[in-house]
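Below, each chain spelled out in residue letters.
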Amino acid sequence: PKEETNNGVLKRLKLSHNDLKIKKCGQMFVYWNRGVRQIKTAIILENHSTFFSYKRAAMKGCDIFGIYPDAIIYGQGKDIISSFSFIHEIADAETIKVFYFGDIDPEGYMIYKSLKEAYNSVNISLQLNAYKKLLDFGKSYPIKKAQNKNIENLNFVIREFAANNYHEVVENLKRLWDTNQRIPQEFITYEYLSSKQKQLS
């Protein structure tokens, strides 16, 4: 039954969730835990294949652009905007550090801005180095499906890059926006992550 229907029934019966000892839980997202009891650092990935690439690299102990995540979350595109409330079930939302990495395109920017605004008490930031590496591939594709190009979403994202002195990234993101191009995060593969690890060791 729909939640609004349930709420209507409860109102008519003059009952609350507390009266019935009901705990409202968020929609569960798919995630991988390194095996720690307390998740302190997590990375959200927009797409399925990148989630598996990151997961596989993390299981091998790879440094993922400077981060050793305790958990990796599959955001399932914009579904993460509603399902991220589940974070309260698996971690201390007041102390966890969350990094977001999505596609370089208008929808990816919208997801990040919406996530930040919906959960402004949680420490969420962009995985800046992942975006920089994605741009380093030098490949982009025309945006084919309809995406809402809201300039406020782009500005929200580039302000964070600018504040961290990623000025070249800012210029590249603006150029891609103006030319209606996108870069899917799937360029970051397990093979790429593991090869970079070998260079660091």
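Our subject is the structure listed above.
Residues numbered from 1 in each chain as written. Predicted model: local features only at pLDDT ≥ 70, side-chain atom pairs only at ≥ 80, totals over all residues. Heavy atoms only, no water.

Visitor: It is not clear to me how the overall build of the protein should be interpreted in this structure. Could you clarify?
Guide: Within the protein, the regular secondary structure consists of nine helices and seven strands. In the protein, which comprises 201 residues, the share counted as buried stands at 46%. Restricting the contact set of the protein to residue pairs at least 6 apart, pairs at least 24 apart contribute 84%. When the accessible surface of the protein is totalled, it reaches about 11,400 Å², and 49% of it is carbon and sulfur. (Helix = DSSP H or I, 4+ residues; strand = E, 2+ residues; numbered from the N terminus. Buried < 20%, exposed > 50% of the residue type's maximum accessible area, 1.4 Å probe, protein only. Contact = heavy atoms within 4.5 Å. Areas by Shrake-Rupley, 256 points an atom, 1.4 Å probe, with all protein chains shown as cover.)

Visitor: Whenever I open this one, the packing of aromatic side chains confuses me. Can you help?
Guide: Each aromatic ring pair is specified by the distance between its two centres and by the angle formed by the two planes. Applying the stated criterion to the full structure yields 18 aromatic pairs. Between the aromatic rings of Phe51 and Phe52, the centroid separation amounts to 5.3 Å while the plane-to-plane angle is 70°, which identifies the pairing as edge-to-face. Note on Phe51: relative accessible area 3%, which makes it buried. Among the residues examined, Phe52 registers a relative accessible area of 41% and is labelled partly exposed. Look at Tyr131 and Phe161: their rings are 5.7 Å apart centre to centre, the planes differ by 85°, and that puts the pair in the edge-to-face class. Pair noted here: Tyr131 is in helix H6 (residues 128–136) and Phe161 is in helix H7 (residues 151–163), with a separation of 30 residues, a long-range link. Comparing Tyr131 with Phe161, the two get one shared label, buried. (Phe/Tyr/Trp six-rings, centres within 6.5 Å; stacked < 30°, edge-to-face > 60°.)

Visitor: Explain the packing of H7 against helix H8 (residues 167–178) to me, please; I cannot follow it from the model alone.
Guide: Helices that pack against each other are described as a pair by the angle of their axes relative to one another and the distance between those axes. It is at 8 Å that the axes of H7 and H8 come closest, and there the two elements cross at 165°. Our classification of the angle between H7 and H8 gives roughly antiparallel. Once H7 is placed against H8, the crossing between them reads as right-handed. Only His167, Val169, Val170, Leu173, Lys174 and Trp177 of H8 make contact with H7, whose side of the interface consists of Ile151, Leu154, Val157, Ile158, Phe161 and Ala162. For the contact of H7 with H8, the class distribution of residues is ten nonpolar, one polar and one charged. (Axes fitted to C-alpha atoms, helices over the stretch in contact; angles between N-to-C directions. Parallel < 35°, antiparallel > 145°, perpendicular 65-115°, else oblique. Left-handed = near helix turned anticlockwise from the far one by under 90°. Nonpolar A, V, L, I, M, F, W, Y, C, P; charged D, E, K, R; others polar.)

Visitor: Which parts of the structure should I look at to understand helix H5 (residues 106–118)?
Guide: For an α-helix, 3.6 residues make a turn, and residues three or four places apart therefore share a direction. The end-to-end C-alpha separation of H5 is 18 Å, in line with the 18 Å expected for 13 residues at 1.5 Å each. Residues of H5 that are buried: Pro106, Gly108, Tyr109, Ile111, Tyr112, Lys113 and Leu115. (Expected span 1.5 Å × (residues − 1).)

Visitor: Would you explain the sheet that holds strand E3 (residues 71–74) in this entry?
Guide: In a beta sheet, neighbouring strands are held together by backbone hydrogen bonds and run either parallel or antiparallel to one another. Taken in spatial order, the five strands line up as E1-E3-E2-E4-E5 in an open sheet, and their pairing is mixed. Of all strands in the sheet, those bounded by a partner on one side alone are strand E1 (30–33) and strand E5 (123–126). Strand-to-strand twist in this sheet, taken as the mean axis angle between neighbours without regard to direction, amounts to 20°. For strand E2 (residues 41–45) and strand E4 (residues 97–101), the ladder comprises five bridges, and the chain directions are parallel. Looking at the pairing, Thr41 lines up with Lys97 of E4. Set on the sheet, helix H2 (residues 48–59) makes contact with E1, E2, E3 and E4; between it and E3 the angle comes to about 170°. (Pairing = 2+ DSSP bridges.)

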